[in-house]
Amino acid sequence: SGQIINIIQIPILYKVLLQESIILLIILLINKQYLKQTILYKRVSLINIYTLWIILFFSTAIWLGISVKTPLYTALILILSALLVGITEEYIFRGLLFPLLSKGSVKNGILLSTFIFSMWHILNINTSSVPVLIGQLLFTLGFGAFLAVVYLTKKNIIIPMLLHGTYNSLSF
């Protein structure tokens, strides 16, 4: 998801965790202050999810800071990174953009938010070959539409977040 933190010399998985945490925090604040978009969810507060990620990130960093080279460290950070990317992207694309773009037509909201979601993944050009990137862009069109329909029908952002995060975790 971009090159925001390249100036800091930290392992790539920590970059992903830090970068996604910063993006999610900024988007949460923008929504709270300016957009005021209602995010549909049940039984779990998005702020509680973000607090959980902060606790997990720092406790994991402290606990594993002693043994950074272990396979357990790598696996845990990889899973946390993938899940956090899913949470952040779903909050942005299904939680905020989809409802805003659906004001005139739900179909247009699905198509536009999915297209923007797919184009967001063009940021992976730095880490993927062009054929792999094209495949990812095509996949994200279908996956994004599926996640939008899940959010629309279940009226709960947590479900697409978990589906997206789980897919990311399994795709590494």
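Just above sits the structure.
Visitor: Looking at this model, I keep getting lost on the overall build of the protein. Mind explaining?
Guide: Helices and strands together make up the secondary structure of the protein, namely 6 helices and 0 strands. Secondary structure of the protein in N-to-C order comes out as α-α-α-α-α-α. Burial statistics for the protein: of 172 residues in total, 39% are counted as buried. The contacts in the protein between residues at least 6 apart in sequence include a share of 66% that link residues at least 24 apart.

Visitor: Quick question: what am I supposed to make of the pattern of salt bridges here?
Guide: Side-chain pairs of opposite charge can arise where the charged atoms are in close proximity. One pass over the structure, following the stated rule, counts 1 salt bridge. In this structure, Glu 90 and Arg 94 form a salt bridge, with 2.8 Å as the shortest nitrogen-oxygen distance. Note that Glu 90 and Arg 94 are positioned in helix α3 (residues 71-101) at a spacing of 4 residues, about one turn of the helix. Among the residues examined, Glu 90 registers a relative accessible area of 0% and is labelled buried.

Visitor: Help me understand the environment of Pro 99 in this model?
Guide: By the secondary structure assignment, Pro 99 is in helix α3. What makes Pro 99 buried here is its relative accessible area of 17%. Note: C-alpha distance between Pro 99 and Leu 40 (59 residues apart in sequence) is 9.9 Å. Look past the residues within four positions of Pro 99 in its chain and what remains in contact with it is Gln 37, Arg 94 and Tyr 151.

Definitions and cut-offs
Residues numbered from 1 in each chain as written. Predicted model: local features only at pLDDT ≥ 70, side-chain atom pairs only at ≥ 80, totals over all residues. Heavy atoms only, no water. Helix = DSSP H or I, 4+ residues; strand = E, 2+ residues; numbered from the N terminus. Buried < 20%, exposed > 50% of the residue type's maximum accessible area, 1.4 Å probe, protein only. Contact = heavy atoms within 4.5 Å. Salt bridge = Lys/Arg side-chain N within 4 Å of Asp/Glu carboxyl O.

Honestly, that's just the spatial picture; any functional story needs more than this.
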